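Commentary on secondary and tertiary structure
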Amino acid sequence: MKYYYDLHIHSCLSPCASNDMTPNNIVNMAKLKGLDIVAVTDHNTAKNLKPVLACAKKAGICALAGMEVESAEEIHLLTLFADLQSCLKLEEYISKALPNIKNNTSIFGDQLISDNQDEIIGSVENLLVTATTRTLEQIVSYTNDLGGVCVPAHIDRDSYSIISTFGVMPEHVSFSTVEVSPKGIIKEYGEDSLWLNRYNVISSSDAHYLWGIAERGQFFEMKECSAKAVIEILKQQKN
């Protein structure tokens, strides 16, 4: 069966996202748009995942646990898991590598922690939208060890992407799946123009506002709709 997804959504915990991006609002908008699978991937944190997963379960939507981690090389990486506890272990590893910079809400925006009733119960003072001291290789290795999958985010963008940093996909780190922007244009690289065929390619919204959550377009073909099944697909190597 076809199950429609959006695996790159930011909640109100990401300072660049709208304060309306609360757990219930995200899940309900995803349901209105006909999505079956979602992942909230806030910048370098997982503190809103528990209420998101609870809301998704109540609404009958499959939700993965995830984060958008920024490496020391300033590369954005989607880290996705079938279970919350593994993602929280990654958050602990990443939080120790965040620089001690206080968030300036007038410049970057709020970093709000919500409960499953969309009540704001706290905020994060340390700036989340910044590079960590963990390298690309370290993040990929740690995510894999925890049973998750690491996906280079929006590789077609001119900043914060693995291509904009290295010029090509690096050979010292292995990936099975990459993400492109919804309306992104994949650049051609001369004789190596078919390089993208080596990877599974997904496209998600990178939504920071409710209206930005993906329409019913991108899908996975699976026998069952589960977070574990999605992780298995994202880990599959292309022949």
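Here's what I pulled together on the structure shown here. Within each chain, residues carry numbers counting from 1 in the order of the written sequence. Per-residue local features are limited, in this predicted model, to residues with pLDDT of at least 70; the limit for side-chain atom pairs, both in listing and counting, is 80 or more; totals at the level of whole chains, interfaces and linings are taken over all residues. As a convention, hydrogens and water are excluded, and side-chain values are obtained from all of the structure's heavy atoms.

Here we look at the overall build of the protein chain
Per the convention used, a helix needs a DSSP run of H or I reaching at least four residues, while a strand needs a run of E reaching at least two, with both numbered from the N terminus. When its secondary structure is counted, the protein chain shows seven helices and ten strands. In this description the radius of gyration comes from C-alpha coordinates, and the expected globular size is given by 2.2 Å times residues to the power 0.38. The globule rule puts the C-alpha radius of gyration for 239 residues at 18 Å, and the 17 Å found for the protein chain is close to it. Principal-axis analysis of the C-alpha atoms places the extent of the protein chain at approximately 55 × 45 × 30 Å. Only protein chains enter the accessibility calculation, which uses a 1.4 Å probe. A residue is then buried if its area is under 20% of the maximum for its type, exposed if over 50%, and partly exposed in between. When each of the 239 residues of the protein chain is scored for burial, the buried share is 54%. For the protein chain, restricting intrachain contacts to residue pairs at least 6 apart in sequence, the fraction spanning at least 24 positions comes to 73%. In this charge count, Lys and Arg are treated as positive and Asp and Glu as negative; neither His nor the chain ends contribute. Note that the charge is assigned to NZ on lysines, CZ on arginines, CG on aspartates and CD on glutamates. Of the charged side chains in the protein chain, 20 are positive and 30 negative, and the gap between their average positions amounts to 6 Å. Should any heavy atoms of two residues lie within 4.5 Å, those residues are considered in contact.

Quick word on the environment of Val69
Position of Val69 among the secondary structure elements: in strand β3 (residues 62–70). Not counting the four nearest positions on each side in its chain, Val69 is found in contact with Asn44, Ile75, His76, Leu77, Thr79, Leu90, Ile94 and Ile139.

Considering the sheet that holds strand β1 (residues 2–9)
Hydrogen bonding along the main chain pairs the strands of a sheet, whether they run parallel or antiparallel. Strand order in the open sheet made by the six strands is β7-β4-β3-β2-β1-β10, with mixed pairing throughout. Two strands close off the open sheet at either side, each with one partner strand: β7 (149–152) and β10 (219–221). For this sheet, the mean inter-axis angle between neighbouring strands, taken without regard to orientation, is 30°. Each pair of strands is called paired provided DSSP finds at least two bridges between the two strands. Inspection of the sheet shows β3 paired to strand β4 (residues 76–81) by six bridges, in the antiparallel sense. For Ala65, the partnering residue across the bridge sits in β4 and is Phe81. Angles here are taken between N-to-C directions and fall from 0 to 180 degrees, while the axes themselves are lines fitted to C-alpha atoms, restricted in helices to the stretch in contact. Lying over the sheet, helix α2 (residues 49–59) contacts β2 (37–43) and β3, oriented at roughly 155° with respect to β3.

Some words on the pattern of salt bridges
When a carboxyl oxygen of Asp or Glu is within 4 Å of a side-chain nitrogen of Lys or Arg, the pair counts as a salt bridge. Within this structure, the stated rule accounts for four salt bridges. A salt bridge links Lys96 to Glu92; its shortest N-O distance comes to 3.9 Å.

Points about unusual backbone geometry
The phi dihedral of Asn44 falls on the positive side, at around 60°, and the residue is not glycine. Secondary-structure assignment places Asn44 in the loop between β2 and α2. A positive phi angle, close to 55°, is found at Tyr160, a residue other than glycine. Relative to the assigned elements, Tyr160 resides in the loop between β7 and α6 (162–166). By relative accessible area, which is 39% here, Tyr160 ends up partly exposed.

Side note on helix α1 (residues 23–32)
Taken together, the buried positions of α1 are Pro23, Ile26, Val27 and Ala30. Here the buried residues of α1 occupy an arc of 90° about the axis, which is enough to place them on one side. In this fold, the buried residues of α1 make contact with β1, β2, α2 and β5 (112–114). In the segment just after α1, Gly34 is the residue with positive phi, at about 85°. Our arc is simply the arc of the directions from the helix axis toward the C-beta atoms.

Quick notes on the pairing of β3
For β3, the buried fraction is high: nine of the nine residues fall into the buried class. Because side chains alternate across β3, one face comprises the buried residues Cys62, Leu64, Gly66, Glu68 and Glu70, and the other comprises Ala63, Ala65, Met67 and Val69, equally buried. Across seven bridges, β2 lies against β3 in parallel orientation. Residue pairing in the sheet places Asp42 in a bridge with Met67 of β3. Between the parallel pair β2 and β3, the chain is carried across by α2, and the sense of this crossover is right-handed. Between β3 and β4, which pair antiparallel and follow one another directly, the connecting turn spans five residues, one of which, Glu74, has a positive phi of 65°. The definition of a right-handed crossover adopted here requires that, viewed with the strands pointing away, the path from the first strand over the helix to the second runs clockwise.

A word on the packing of aromatic side chains
By convention, a stacked pair of Phe, Tyr or Trp rings (six-membered ring in the case of Trp) has centres within 6.5 Å and planes under 30 degrees apart, an edge-to-face pair has planes over 60 apart, and any other such pair is tilted. Scanning the entire structure with this criterion turns up four aromatic pairs. With centroids separated by 3.9 Å and ring planes inclined at 5°, the aromatic side chains of Tyr93 and Tyr142 adopt a geometry described as stacked. Residue Tyr93 is located in helix α3 (residues 84–95), and its partner Tyr142 is located in helix α5 (residues 136–145); the two are separated by 49 residues in the primary sequence. Judged by relative accessible area, which is 28%, Tyr142 ranks as partly exposed. Geometrically, a charge over a ring is one whose NZ (Lys) or CZ (Arg) sits within 6 Å of the ring centre while staying within 35 degrees of the ring normal. Here Arg134 stacks its cationic end above the ring of Tyr93, 3.9 Å away from the centre of that ring.

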